[in-house]
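Per-entry structural report
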Amino acid sequence: MASDADVPERARLYLRIPEHVKALLVEAAELQGVSLADFVVGAAESAARRILEEVDLLTLAERDQVAFAEALLRPFEPDRALPGDAERSS
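So, a few notes on the structure that sits alongside this text. Just so we're clear, the structure is a prediction, and the values are computed from it rather than from any experiment. (Residues numbered from 1 in each chain as written. Predicted model: local features only at pLDDT ≥ 70, side-chain atom pairs only at ≥ 80, totals over all residues. Heavy atoms only, no water.)

As a volume, the largest pocket reaches approximately 710 Å³. Looking at the largest pocket, it is lined by 19 residues, and the ones nearest its centre are Leu13, Leu15, Ala37, Val40 and Val41. Here the lining of the largest pocket gets seven residues from one element, more than from any other, and that element is helix α2 (residues 36-73). Tallied by class, residues from the lining of the largest pocket come to twelve nonpolar, one polar and six charged. (1 Å grid on protein atoms, 1.4 Å probe; cavity = no way out; pocket = protein on both sides within 12 Å on 5 of 7 lines; lining within 4 Å. Points joined across faces, edges and corners; volume = space filled by probe spheres on them. Helix = DSSP H or I, 4+ residues; strand = E, 2+ residues; numbered from the N terminus. Nonpolar A, V, L, I, M, F, W, Y, C, P; charged D, E, K, R; others polar.)

Structural data, given as structure tokens:
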């Protein structure tokens with residue numbers, strides 16, 4: 001038996017859509033063998049995750065590009081002597 005902790009919290013989403021869009025969604029849901037609500041929620045969640053992943057990728061790519069450019073423009077200065085440096089300088 002499922003406890004209250006096992007049931008995910010639910011929220012309502014009210015919206016009005018054109019009749020032809022609803023008909024399209026109903027047809028697609030029927031073809032998938034799921035309810036209209038499950039189809040819409042699944043499609044919306046999938047689209048939202050894809051968009052967020054794309055934004056994260058672009059953000060990371062831009063951050064990496066900036067870090068790479070800054071590394072190229074900044075002269076290399078080692079923090080400590082490399083092994084063997086003391087031997088070479090004497």
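Let's pick the thread back up.
A word on the environment of alanine 28. Relative to the helices and strands, alanine 28 is located in helix α1 (residues 19-32). Distance in space between the C-alpha atoms of alanine 28 and valine 40 is 9.7 Å, their sequence separation being twelve residues.

Residues Leu13, Leu15 and Ile17 make up a contiguous nonpolar surface patch of roughly 320 Å² in combined accessible area. Topologically, leucine 15 is positioned in the segment before α1. (Patch = residues over 30% accessible without salt bridge, like charges linked within 9 Å, V, L, I, M, F, W, Y side chains within 5 Å. Areas by Shrake-Rupley, 256 points an atom, 1.4 Å probe, with all protein chains shown as cover. Salt bridge = Lys/Arg side-chain N within 4 Å of Asp/Glu carboxyl O.)

A few words now on α1. Along its 14 residues, α1 runs 20 Å from first to last C-alpha, staying within 8% of the 20 Å computed at 1.5 Å per residue. Backbone geometry just downstream of α1 places glycine 33 in the positive-phi region, at approximately 75°. (Expected span 1.5 Å × (residues − 1).)

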